[in-house]
Each structure stands twice: as structure tokens, then as C-alpha cells.
Amino acid sequence: MNSEPPVGKIDVSKPHPARRYDYWLGGKDNFPSDRESADMVAEAFPTVRLAALENRSFLRRAVAYLADEGVRQFLDIGAGLPTAGNVHEIAQNIAPESRVVYVDNDPIVLAHARELLNSSPEGATAYLDADIRDPDRILSHPDLNRVLDMNQPVALMLVAIMHFMTDDDGPYELVRKLCDALPSGSYLVMTHATSDHLSAEELAENNAANQRSGVPFRLRTTEEFTRFFTDLELIPPGIGSVMTWRPGEWRPHPRPEAVSMLSGVARIP
């Protein structure tokens, strides 16, 4: 793993999605710019902290499901700062031989990446300092190909990352390129913030808040989200709220509009 980067590489004056998400989850690895940006979003979407928690809960359930189904390799792009229940911890608790590659582009995540590398002896983990907008760098990275066997199924985890890709980033093309690089029997796991529950006025307010926050953001409808899964085999219950994807034991749930996060898991044929 690369050595810890100098503090000078971390631009604390600009908010970053990973650090903002850490703030919403109650973490401590964030700066005033991140908290200010996060609070701007919360002004238009007061339940954003709940959405972050439910999104994380979905990730844990999805990884456990895939590990139970025999998946032993995971590529987690937009991994964010380490927190309780990282992908390798969940997968290796079920199958110690599981192998996980994490990808993020924030120097502070790299500084904490050693916490993502405490693999079981039977498995392996790696951390790549890379951006999803450069899929070729990710797919050709020697550490990825050292840890993952790209001839065997891989679960591509794009959890709460694609809503940071505007239309100018070519989000559908990015996801397709990553999926096309994976063998048959792999999986795509995605969550995405949605505008489904917003009126035109509320959407305009939300878009304005996101613009003020300094972090590019693009809410998408269920129809727009579904396009990411074109030609893939959706796993029941299909596309819906992160709260309703194989929720396990019953517990009281907030209303879907309070979370406003879509999810889907699909097999790559």
C-alpha cells in the first residue's frame, strides 16, 4: 500500500463526498467545509442522515446475500472512509477467502486505507487511489489484478456514487464499461438518490442546495436509474427503495420519501 500522504495533499477548503458522508454517519474524519456542505444539503433534505444510514444498511445486506450465493470477489468503487461493517469484514465473516478491492479518490481515505486492508489470512484486500471517471486506470491497475481474478465472478459495488456523476460525465457509459470488463456470473450492486418523491418546486430547491454545497450531484428517477441495469438480470425484489431490498427481520421503517434512495442488484449474464 502507498504510504500515508502528506497533509498538504488534502484540500480541506473544498468539500468531498467521502468526508461529507462520514459526517452524516457520525464520523470524525471531516472538516468544516464538509460539514458546511452537508448542512446545506440537509436544509433541502432534512432526513439525509437517515438516508445515509439506510444506504449503509443496504450495503451490508447486499454483500451478505452475495457472499451466501458464493461470490468471493468484490470491487467497491467510491468506498469512502472506513466505518463499521466494511465490505471485506462482511464478506470474510461469511467466507474468509473473500477478496476485495476498494477504490476512492480522496487523499484522506487513502490515509485511512490501512483500516481497509486488515484482511483475513485466507483472503486479500487492496486500495486503489483512483476515480470512477477513469475506468481504464481502475481496470488495468496492477493491485486490482493482483487481488482479483478477472476470469471469475466479481461483485461491482457502486453504492451511493453514481449520483455524483452528472450527465456530462457519461454515467451510463461508465457503468457499462465496468460491467463489460467482468465475466459472466458477476453482479452489479447500486444505490442512487432519487427525485421520485419531489414536486417540481422541491426538486428545484434540492438542485439549488446541491449546487450551493459545492459537490456536483444529479438526482435520478426510477426510470433513469433502471437504465443502468439494461440487459442485466435483476435479483428479486428488483429495483426499489434501499429499505425494501431483502430487509430481513421486520423493523419499523421510515417512509420511502424520507430516505429517497433507490437500490438494485443484478447478475451480469
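Caption draft 1: Structural view of the overall build of the protein chain. Secondary structure assignment for the protein chain yields 11 helices and eight strands. The C-alpha atoms of the protein chain give 18 Å as radius of gyration, which agrees with the globular expectation for 269 residues (18 Å, within 12%). By principal-axis analysis of the C-alpha atoms, the protein chain measures approximately 50 × 45 × 35 Å. Put simply, the protein chain shows about 12000 Å² of open surface, and 51% of that area lies on carbon and sulfur atoms. Of note, the protein chain has its 26 positive side-chain charges centred 2 Å away from the centre of its 39 negative side-chain charges.

Caption draft 2: Fine view of helix 1 (residues 17-24). Across the eight residues of helix 1, six count as buried, placing the element largely inside the fold. Those residues of helix 1 lying buried are Ala-18, Arg-19, Arg-20, Asp-22, Tyr-23 and Trp-24. At the C-terminal side of helix 1, Gly-26 shows a positive phi close to 90°.

Caption draft 3: Geometry of the packing of aromatic side chains. Taken as a whole and judged by the stated rule, the model has six aromatic pairs. Seen in terms of ring centroids, Phe-58 and Trp-245 are 5.6 Å apart; in terms of plane orientation they differ by 80°. Their pairing is edge-to-face. One end of the pair, Phe-58, is in helix 3 (residues 48-68); the other, Trp-245, is in the loop between strand 7 (240-241) and helix 11 (256-259), with 187 residues separating them in the sequence. On the numbers, 5.3 Å between centres and 70° between planes, the contact of Phe-225 with Phe-229 is edge-to-face. Here Phe-225 matches Phe-229 in class, with each residue buried. Positioned above the aromatic ring of Tyr-172 is the side chain of Arg-227, whose terminal nitrogen or guanidinium carbon lies 3.8 Å from the ring centre.

Caption draft 4: Region of the structure containing the environment of Thr-166. Take Thr-166: it is sitting in the loop between strand 4 (155-159) and helix 8 (171-180). Thr-166 gets classed as partly exposed once you look at its relative accessible area, which sits at 24%. For Thr-166 and Gly-78, which are 88 residues apart along the polypeptide, the C-alpha to C-alpha distance reads 15 Å. Dropping the residues within four chain positions of it, Thr-166 is found in contact with Pro-171, Pro-216, Arg-218 and Arg-220.

Analysis parameters
- Residues numbered from 1 in each chain as written.
- Predicted model: local features only at pLDDT ≥ 70, side-chain atom pairs only at ≥ 80, totals over all residues.
- Heavy atoms only, no water.
- Helix = DSSP H or I, 4+ residues; strand = E, 2+ residues; numbered from the N terminus.
- Rg over C-alpha atoms; globule rule 2.2 N^0.38 Å.
- Areas by Shrake-Rupley, 256 points an atom, 1.4 Å probe, with all protein chains shown as cover.
- Lys, Arg positive; Asp, Glu negative; His and termini not counted.
- Charge placed at Lys NZ, Arg CZ, Asp CG, Glu CD.
- Buried < 20%, exposed > 50% of the residue type's maximum accessible area, 1.4 Å probe, protein only.
- Phe/Tyr/Trp six-rings, centres within 6.5 Å; stacked < 30°, edge-to-face > 60°.
- Lys NZ or Arg CZ within 6 Å of the ring centre and 35° of its normal.
- Contact = heavy atoms within 4.5 Å.

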